[in-house]
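Working through the structure, step by step
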Amino acid sequence: YSIGEKRAIFDQFVKGKLDARKEKKLDFKQRQEAFRQLLAEQKDKIDHKTQYSDFKKLIRDDERYQDLDPREREIIFGEIVTPIREQYNKSSYFHI
């Protein structure tokens, strides 16, 4: 192989890796968004007292729950519940 051919092969390899990485990242974001949608559909079952361990029992059979890594599920759940808890704590502070 000449230098030019080697360079072309290498460039093609790098482009393939970058495309695969972009596709994987897009797929991950889609799975995250699907899980967020699942939580939104269950919002009437989430309040300031909701624990992840209890809530996951309600949704564990859903494909959107199973498609995401356990750590990511818990992080996203926390992003949803934390503002609810903060709002409750602010409102209950003034009722004392």
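Residues numbered from 1 in each chain as written. Predicted model: local features only at pLDDT ≥ 70, side-chain atom pairs only at ≥ 80, totals over all residues. Heavy atoms only, no water.

1. Points about the overall build of the protein chain
- In terms of helices and strands, the protein chain carries four helices and zero strands.
- Going from the N terminus to the C terminus, the protein chain shows its helices and strands as α-α-α-α.
- For 96 residues, the compact-globule estimate of 2.2 N^0.38 gives 12 Å, and the protein chain exceeds it by more than 25% at 22 Å.
- Out of the 96 residues belonging to the protein chain, those deemed buried represent 17%. (Helix = DSSP H or I, 4+ residues; strand = E, 2+ residues; numbered from the N terminus. Rg over C-alpha atoms; globule rule 2.2 N^0.38 Å. Buried < 20%, exposed > 50% of the residue type's maximum accessible area, 1.4 Å probe, protein only.)

2. Details of the side chain of Thr50
- With respect to the secondary-structure elements, Thr50 resides in the loop between helix 1 (3–41) and helix 2 (52–59).
- Under the relative-accessibility criterion, Thr50 is labelled buried at 10%.

3. Considering the environment of Tyr1
- The residue Tyr1 is located in the segment before helix 1 in this model.
- Under the relative-accessibility criterion, Tyr1 is labelled exposed at 76%.
- Sequence-wise, Tyr1 and Asp11 are 10 residues apart; in three dimensions their C-alpha atoms are separated by 14 Å.
- In this structure Tyr1 touches Lys6 and Ile9, once residues within four positions along its chain are discounted. (Contact = heavy atoms within 4.5 Å.)

4. Description of a nonpolar patch on the surface
- On the surface, Phe10, Phe13, Val14 and Leu18 cluster together into a nonpolar patch covering about 370 Å² of accessible area.
- By relative accessible area, Phe10 is classed as partly exposed at 45%. (Patch = residues over 30% accessible without salt bridge, like charges linked within 9 Å, V, L, I, M, F, W, Y side chains within 5 Å. Areas by Shrake-Rupley, 256 points an atom, 1.4 Å probe, with all protein chains shown as cover. Salt bridge = Lys/Arg side-chain N within 4 Å of Asp/Glu carboxyl O.)

5. Considerations on the side chain of Gln42
- Relative to the helices and strands, Gln42 is located in the loop between helix 1 and helix 2.
- Excluding anything up to four places from it in sequence, Gln42 contacts Phe55 and Ile59.

6. Brief notes about the pattern of salt bridges
- Counted by the stated rule, this structure contains six salt bridges.
- One salt bridge connects Asp62 with Arg64, and the closest N-O pair in it is separated by 2.9 Å.
- Looking at Arg64, the relative accessible area reads 22%, which means it is partly exposed.
- A network of salt bridges, in which partner residues are shared, links Glu41, Asp62 and Arg64.

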